[in-house]
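# An overview of the molecular structure
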Amino acid sequence: MDVRISSDESEGVFNDFIQEQLDEILDDIINKGDVDRFDDRGSDVIIEVDDIVPPTFVYGDDSDGAGDGGEGPGREKGRLRFKLPFQMFMELLGERLKLPNLVKEGSGRIKEFSYAFKTFGQVGVILDKRRTFKRALRSSIGSGVYDPARDLYDVHVRRRDRRFHVPQRVEKPRYRAVCFYMGDISYSTYGERLELEKRLVNFIHQWLDFNYGPGHVEHRFFVHDVEAHEVSPTDFFTVGNAGGTRAAVVFDLVSQIAFNEYESASTNFYGFYFGDGEVFEDDAKKIVDVLRLDMKPAFNRIGVVEVKPSQFSYLNREIKREFDKDAVIRMGTLRQRSETVEVIKNLFGTRHA
Amino acid sequence: MRSVRSDSVLAELEQRVLHHAQLMGRRLPEIRFFILEPLEFASLLEKDVYPTSPINIWEGKRMVHKKHAIETGLESSLFYEVVQTGDPSYAYLNDGNSPVTQASVMAHVVGHCEFSERNVLGDSNANRTEYVMHLVREVDRARRQMGAQDYLEYWNAVESVTPLISPNSQFNLRRATETEDALSAQVGSPAGESSEPEALTPVFDTLTQLLSGASEESSFESELRKRRRDETLNRRGYILKAPCQDVLDFLRHHAPASRAERTILDYKYVTRAPQDFVLRTQIMNEGWAMYWEKKIMLALFEERAVDGVIDYTRVFSNVCRPRPYFQRNPYHLGYHLWCHIEKLYREGKVSLEYREEVDREKKAHWREEREVDAIGAMGHLVDTVTDYEFLRRFLTPELAHELHLNRVDQRMAERMGVEDKDIVHRDDHYVWLDPGPVREEMLRFYTHFHRPRIYIIDSDFDDGGLLLYHREDGRPLRKDWIRPTLRNLHRIWKAPVLLLTQDQLFAVTGNQYKSEEVTPASFDEVVEKMRRGDKPYRAA
C-alpha cells in the first residue's frame, strides 16, 4: 500500500472557512472603520471568530445557554483565536481598500542584507534530508543495494550524496521615510473626537510601517495652538489648551525640520494634519503658501483632515481651492467612525494630477 | 506511510514478536505493520485510524489545531501505538521511536488484535480497513453527486448524530426493531440467547385465549393491534418494538435518504461504531495488551533481539502508574487485574470450593495442588465478558486499595472537599479514601458513559415525526444545543423531529422550532407501552 496519510484537503476546507471569516472581518472593518486591530505596532493581529462545533445532545444547565444555534455547524459560546501576521493583514486590508503601495523615492542606497537558504551544496551545517535521501536512493539503486524485486531494501548514504542548505546573501535597498503628525490642541480633542483621530493616526502609522518596513519610518508628533512644539506620541493625544490658534506655525515648523534635519534627496516625507478646521482666513492662506512653496515639492504625501468639523471650519475649503484633485496634497473630513475608511482612501488612494 | 518491511531492523523485530506470540499460543489475525512520520500519525488519528477519509471541515479544524500545538511544543508528536483491529489488522508505528519502543508497540498490538478477535462483543470483522477505504471513495463520489453545499450540510447534520451510536446496547437496532427480514430479539434477554433461533411452538389462538384465562384486552383489541402491526410492517418495512439507542444505525437503515446520503451515513457509522467496543472493554483490552506485551518483551530481551531493558522498564512503569479510580488508567488497572486473576487461577481461588470455604485460616493459605490452565481460563474471560463483569467479579475493596485506586493527591482531595471520615490512610503527599465504594462508582460509568442516553421511541409521531426520548438521570440537557441538533436530525429524517426530555417537548418542524411543557413519561412506561404495541407517548 503506497499511501501518504495527510489531511491537507480537509485542512484546506477549514482554511477556506477561516478565509471567509477573515473576509467578513475585513468587510466589518471597511463598513465600520474599525481599523485599529493591533496590540503592538508591527505585531501579529489576533483575529477572533465564533468557534464551530457540531451540535449534539450534551449535559449542561441553562445558564450556559448564550450560544446561537444556527444550522450546520453549531456555534458554541467559545471563540476561535488565531494570529494573522501583520504583513499579511495589511496586504489584505490594502487590497480591500484598493490602496496602492506607496511610491518610494530616493536612491535606496542603504542596503539591507539578509541570508536566505536558497542553494544546496555538498558541505554545510543544515542537512537537506529530502535531497540527500533522493540522491542516496538513486545511487543505491544504481549500485544494486536497493532492489525491491530481490527483497533488498538497503539505502546507503555516502558522503557525496549529502546535500546541505547553503545560505545566500540577499540585498534589499532600504528606503528611509519620516512622517510628521500635526495636531491642533486648541480645539476640544477628547471623547469621540480623540478616538477618531487616534484610530486614523494608528492606521497611517501601520500603513507606512508596512510599506517601508518597521524601523525604517520615523514618526514625529507636533502640536500647536498659537505656537508649535514637538511632543511625544502619548502627549500628542493628551495635551490640550483652550485658547487661540494659528495652524500655519506647525506647517512652517515641520517644513523647516524636514529640510534642516533630513537629506531631502533620499528621504520620503509624509505629513498629516488633524484639527477642527476652524482657522482664520489669513492663517489658511499662510498654510496654503507653505504647502505650495515649501512642502509640496519635497513631500510624497500631505494630508489635512478635519475631525468633526463645524460650520465655521474653513481650512479645507481654502486648501481645496488651490489643491483640488492634487496628487500630493489630500484632504479628508472625518465626522464619524464609519467615514474613517473613506478618509484613508482619500489620503492614500491613487489619484492622477 | 511505508511497510515495516522497508526497514530491515523493524522487519526482523516484527518476525520475532510474531514468533513469540505464536509460541505463547496467541490467536491472531493477520497483522500488517506500517511506519508513519509524526504528522502522518497525527493525521491518521484524526481519521479514526484509517489511512484515508473524506474531505471534511472538522478533521481539517482538528488537524490545524494539532499541527499548531505540535509546532509550538504544546503537544508531543510522539504517539506510541495505534492499531485498527480486524482481519487483517493494521498497526502503525511512529518513525521517530527507538527500536525497543517499536518492539514494545508490536508486542502491545498483538494483545489488542487477539482481544478484538476473541471478545464476546465480536469487534473484529473481515477487511474493515479495506471496506472503509472503499466507503471513502463512495463518499467522495457522493460529494460530487450532491454538490459541495449539500454535501457539507448533510455531513454536518450527521456529525450531530455521531455520538448517538450504541451497537452493543441492549437497545440496539437489532433488538429494537422488527423487520420483514428478521424478527427482533426480546429486549432484556442476554445477547447469547437471542442469537439462537427459537423453537417454534404451535399456537392456536382461540385455545390459548381460553387456557390463559381472562385477558386484560379483548380479542377484538388484540386482533386490531395485530392488524395494525402488519400494516405498519408492510408500509414501512420495520416496526419499532422497543426504544432504539443506536440512533445513527436506525437512521442509516430507515431514514429516507438518497444513495449518496446513505453512503455518508454508512461511512460515519462504520468508522465510529468500534468506539463503543473500546468504551465497553477498555480496561480488559489495554490490560490484556500490556500483559502480553510484557511477556513478549521479556522473551525478546532474553534472546537479545533488542536492547534497552532500562528504557523499556521506565516507559512501562510510567504507563502503568496508578491513578485514582475516577481518572481510570486502563493500562494500570487492566494489567494488574490480569496479573491478579492469573494468580487467583494458579492458586485455585476461582472455584466453588474456595468460595464456600468457611475456615478463614484455610482460606488465607489456600493452594490448590492440581494443574490449572490459568492462561486458558483468562482467555475464556476474554471470550465471555466485558469490563462491567470483569470489574464486578474481580475488583474487591482490598484490591482497589492495593492498586491505589483510592489514592488521591492531597491538594486534589482538598479541592474535592474530602472529609476526614472518608480517609482511611494518609502520608505526606497522598490520602487513601475508603475503597468500599470504588467498584460501584466504577461500574456506574457503564450505564451512561458520561453521555446523555437518547433513544428513538417513535418514528411515526404525529404522522411521520421522529420522537426521541432523553432518559432521565437527574442532569438536564444543554438547552441551546437542542435546537441546532434537532435541526440537523430534521435534515436527515426529512420530517418533524421531537425530543422529550424531563417535562419538556422540543420540536423542529420545517423551519419552526417550539418547546412546550408536557407530562413526563418514565423510561419503564415507555418500554412497556412499546412492548404492548401502543404508542409510547401521545401529545396532549
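Computed from a predicted structure; not experimentally measured.

### Focus: the overall build of chain B
If you tally the helices and strands in chain B, you get 24 helices and 14 strands. Taking 24 Å as the expected radius of gyration for a compact globule of 540 residues, we find that chain B reaches 27 Å, a close match to that expectation. On the principal axes, the C-alpha backbone points of chain B span a range of 75 × 65 × 55 Å. In chain B, which comprises 540 residues, the proportion classed as buried is 40%.

### With respect to the sheet that holds strand 10 (residues 454–461) of chain B
Residues and elements named next belong to chain B. Across the sheet, which stays open at both edges, the five strands sit in the order 10-11-12-13-14 with mixed pairing between neighbours. Strands at the two margins of the open sheet, each flanked by one partner only, are strand 10 and strand 14 (512–517). Each adjacent strand pair in this sheet contributes to an overall mean axis angle of 20 degrees, direction not counted. The sheet contact formed by strand 10 and strand 11 (residues 465–470) spans five bridges and is antiparallel. Residue D458 lies in a different strand from strand 11, and its bridge partner there is L467. Against the sheet, helix 23 (residues 482–493) touches strand 11, strand 12 (497–501), strand 13 (504–509) and strand 14, its axis set at about 140 degrees to strand 12.

### Observations regarding the packing of helix 6 (residues 148–161) of chain B against helix 12 (residues 259–272) of chain B
All names here are of chain B. One can describe the packing of helix 6 onto helix 12 by two numbers: an axis separation of 10 Å at closest approach and a directional angle of 35 degrees. Considering only the axes of helix 6 and helix 12, their crossing is right-handed. Here Y154, W155 and V158 of helix 6 lie close against helix 12, whose contacting residues are E261, I264, L265 and K268. Looking at side-chain class alone, the contact of helix 6 with helix 12 contains five nonpolar, no polar and two charged residues.

### Regarding the interface of chain A and chain B
Contact with chain A, which involves 32 residues of that partner, is made by 38 residues of chain B. Here the side of chain A that touches chain B takes seven residues from helix 1 (residues 8–32) of chain A, the largest share from any one element. Partitioned by chemical class, the residues of the side of chain A that touches chain B number 13 nonpolar, twelve polar and seven charged.

### Some words on unusual backbone geometry
All names here are of chain B. Following D87, the chain continues to P88 via a peptide bond in cis, the omega torsion being 5 degrees. With phi around 55 degrees, F449 is a residue other than glycine that occupies positive phi space. Residue position: F449 is located in the loop between helix 22 (438–448) and strand 10. Unlike most non-glycine residues, H450 shows phi in positive territory, near 60 degrees.

### Description of helix 19 (residues 387–394) of chain B
Buried within helix 19 of chain B we find D387(B), F390(B) and L391(B). Summarising the axial view, the buried residues of helix 19 of chain B lie within an arc of 90 degrees, below the 170-degree limit, and thus occupy one face.

### Digging into the domain arrangement of chain B
All names here are of chain B. One can read the domain layout of chain B as domain 1 (1–168 + 260–265 + 293–302) and domain 2 (320–447). With centres defined by C-alpha atoms, the gap from domain 1 to domain 2 works out at 31 Å. Between domain 1 and domain 2, the residue contacts involve five residues of the former and five residues of the latter. Here the residues of the side of domain 1 that touches domain 2 sort into three nonpolar, one polar and one charged.

### Topic: helix 15 (residues 330–346) of chain B
Residue and element names in this part refer to chain B. An ideal rise of 1.5 Å per residue puts 24 Å on 17 residues; helix 15 measures up with 24 Å between its terminal C-alpha atoms. Buried within helix 15 we find P330, Y331, H332, L333, G334, Y335, H336, L337, W338, I341 and Y345. Buried residues in helix 15 make contact with helix 13 (274–302), helix 14 (309–319), helix 18 (374–384) and helix 19. Residue G348 follows helix 15 closely and has a positive phi angle near 70 degrees.

### Examining the nonpolar core
Residue and element names in this part refer to chain A. The biggest cluster of nonpolar side chains holds 61 residues, and the ones touching the most others in it are C179, M182, F251 and V305. Element by element, the count of residues in this core is highest for helix 4 (residues 191–212), at eight residues. When residues of this core are assigned to domains, at least three fall in each of domain 1 (8–55 + 71–94) and domain 3 (175–348). If we ignore the near neighbours within four places in the chain, the residues touching V305 are L200, F272, Y273, F274, G332, L334 and V343.

Rules used in this analysis
Residues numbered from 1 in each chain as written. Chains lettered and ligands numbered in written order. Predicted model: local features only at pLDDT ≥ 70, side-chain atom pairs only at ≥ 80, totals over all residues. Helix = DSSP H or I, 4+ residues; strand = E, 2+ residues; numbered from the N terminus. Rg over C-alpha atoms; globule rule 2.2 N^0.38 Å. Buried ≥ 20, exposed ≤ 12 C-beta atoms within 10 Å, placed from the backbone. Pairing = 2+ DSSP bridges. Axes fitted to C-alpha atoms, helices over the stretch in contact; angles between N-to-C directions. Contact = placed C-beta atoms within 7 Å. Left-handed = near helix turned anticlockwise from the far one by under 90°. Nonpolar A, V, L, I, M, F, W, Y, C, P; charged D, E, K, R; others polar. Arc of directions from axis to C-beta. Domains from an automatic or database assignment. Expected span 1.5 Å × (residues − 1). Core = buried A, V, L, I, M, F, W, Y, C linked by C-beta atoms within 7 Å.

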